[in-house]
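These are the residues of each chain, in order.
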Amino acid sequence: QEMASGQQEFEEFCEDCPDQKKRVRRDPALADNSLLPAKFQTLVGDELYRGLHEGFRGEVFGAPAPLPPTATPEQLLAAVQALMD
């Protein structure tokens, strides 16, 4: 689904900025609003996994390292099980 009113330039929350916001300009490669949902999902997924793997705000979750594209089904199942444990 397309973001009907996606802006090319906007203010975004910034925890470390003095006024807690910063000006952001969208990557020209993402000028087409129909590309935004998939890109957003990818970035959010990457950030969630990074937090699970490397920790987030001092909390360590111990997620397994990323698997290579050649991983076996057994390796994949073991990694998923480690996330659930």
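Residues numbered from 1 in each chain as written. Predicted model: local features only at pLDDT ≥ 70, side-chain atom pairs only at ≥ 80, totals over all residues. Heavy atoms only, no water.

Side note on the overall build of the chain
Scanning the chain from terminus to terminus reveals 2 helices and 2 strands. Computed over C-alpha atoms, the radius of gyration of the chain comes to 17 Å, more than 25% over the 12 Å expected from 2.2 N^0.38 for 85 residues, which places it beyond the range of a compact globule. Summarising its shape, the C-alpha atoms of the chain cover approximately 45 × 30 × 20 Å along the three principal directions. Across the 85 residues of the chain, 14% fall into the buried class. (Helix = DSSP H or I, 4+ residues; strand = E, 2+ residues; numbered from the N terminus. Rg over C-alpha atoms; globule rule 2.2 N^0.38 Å. Buried < 20%, exposed > 50% of the residue type's maximum accessible area, 1.4 Å probe, protein only.)

With respect to the pattern of salt bridges
In this structure the tally under the stated criterion is 6 salt bridges. For Glu-11, the salt bridge identified is with Lys-21, shortest N-O distance 3.5 Å. Placement of Glu-11 in strand β1 (residues 9-13) and of Lys-21 in strand β2 (residues 21-25) is noted, with a sequence separation of 10 residues between them. For Glu-11, a relative accessible area of 48% puts it in the partly exposed group. Connected through salt bridges with shared partners, the residues Glu-9, Arg-23 and Arg-25 form a single ionic network. (Salt bridge = Lys/Arg side-chain N within 4 Å of Asp/Glu carboxyl O.)

Observations regarding the confidence of the model for the chain
Here the chain averages 88 in pLDDT, while 98% of its residues score no lower than 70. Within the chain, no element has a lower average pLDDT than helix α2 (residues 73-84), which sits at 88, and none a higher one than β2, at 94. (pLDDT = per-residue confidence, 0-100.)

Some words on the environment of Ala-31
Residue placement: Ala-31 occurs in the loop between β2 and α1 (36-54). Aside from chain neighbours lying at most four places away, what touches Ala-31 is Gln-8 and Arg-26. (Contact = heavy atoms within 4.5 Å.)

Overview of a nonpolar patch on the surface
A contiguous nonpolar surface patch, about 740 Å² in accessible area, is contributed by Leu-52, Phe-56, Phe-61, Leu-67, Leu-76, Val-80, Leu-83 and Met-84. The leading source of residues in the nonpolar patch is α2, at 4 residues. Tracing the sequence through the fold places Met-84 in helix α2. (Patch = residues over 30% accessible without salt bridge, like charges linked within 9 Å, V, L, I, M, F, W, Y side chains within 5 Å. Areas by Shrake-Rupley, 256 points an atom, 1.4 Å probe, with all protein chains shown as cover.)

Structural notes on unusual backbone geometry
Phi angles above zero are rare outside glycine, and Gln-20 is one such case at about 60°. Mapped onto the fold, Gln-20 is located in the loop between β1 and β2. Positive phi, normally seen in glycine, also occurs at Arg-57, with a value near 50°. Tracing the backbone shows Arg-57 in the loop between α1 and α2.

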